[in-house]
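# Examination of the molecular architecture
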Amino acid sequence: MDAEDKNARAAADAAVAHNALVVDVFGKHVELPPPDHLAFMAGLGVLAALEIIEWPVALAITIGHKLAHSHHGRALREFGNALEEV
């Protein structure tokens, strides 16, 4: 791997790291959604716990939100994999 490949890989890793929160749990790295997504989901959880909205509605909104934003993370990973192959 030459210097240009290392720089490209570092850029891809930084982009993925910026969009995710990685937590070390018992020696395993667990990748969580970005903090703003966690706050959104926590807010829905609070609304469901206070019975302002019903839990199936909160679950449906959370799943929809996750599906809508999952394409972006997948694109970054595919970009990093493409850089590795080149």
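Residues numbered from 1 in each chain as written. Predicted model: local features only at pLDDT ≥ 70, side-chain atom pairs only at ≥ 80, totals over all residues. Heavy atoms only, no water.

## Some thoughts on the overall build of the protein
- The helix and strand tally for the protein stands at three helices and two strands.
- Written out in order from the N terminus, the α and β elements of the protein read α-β-β-α-α.
- Considering the protein as a whole, with its 86 residues, one finds that 14% of them fall into the buried category.
- Accessible area for the protein stands at about 6,600 Å²; split by element, carbon and sulfur atoms hold 65% of it. (Helix = DSSP H or I, 4+ residues; strand = E, 2+ residues; numbered from the N terminus. Buried < 20%, exposed > 50% of the residue type's maximum accessible area, 1.4 Å probe, protein only. Areas by Shrake-Rupley, 256 points an atom, 1.4 Å probe, with all protein chains shown as cover.)

## As for unusual backbone geometry
- In this structure, Glu51 takes a positive phi of about 60 degrees despite not being glycine.
- Inspection of the secondary structure assignment puts Glu51 in the loop between α2 (35-49) and α3 (55-85).
- Classification of Glu51 by relative accessible area gives exposed; the value is 70%.

## What about the confidence of the model for the protein?
- A residue-level look at the protein finds 65% of positions with pLDDT of 70 or above and a mean pLDDT of 77.
- Ranking the elements of the protein by mean pLDDT puts helix α1 (residues 3-18) last with 62 and α2 first with 90. (pLDDT = per-residue confidence, 0-100.)

## With respect to a nonpolar patch on the surface
- On the surface, Val23, Val25, Phe26, Val30, Leu32 and Leu38 cluster together into a nonpolar patch covering about 500 Å² of accessible area.
- Mapped by element, the contributors of at least two residues to the nonpolar patch are β1 (21-25) and β2 (28-32).
- One can find Leu32 in strand β2. (Patch = residues over 30% accessible without salt bridge, like charges linked within 9 Å, V, L, I, M, F, W, Y side chains within 5 Å. Salt bridge = Lys/Arg side-chain N within 4 Å of Asp/Glu carboxyl O.)

## Considering α2
- Here α2 is 15 residues long and its end C-alpha atoms lie 21 Å apart, about the 21 Å a rise of 1.5 Å per residue gives.
- For α2, the complete set of buried residues consists of His37, Leu44 and Ala48. One face of α2 carries all of its buried residues, which in axial projection span an arc of 40 degrees. When the buried face of α2 is taken as reference, the exposed residues oriented beyond 90 degrees from it are Pro35, Asp36 and Ala49.
- Where α2 terminates, the next one or two residues include Glu51, which has phi positive at roughly 60 degrees. (Expected span 1.5 Å × (residues − 1). Arc of directions from axis to C-beta.)

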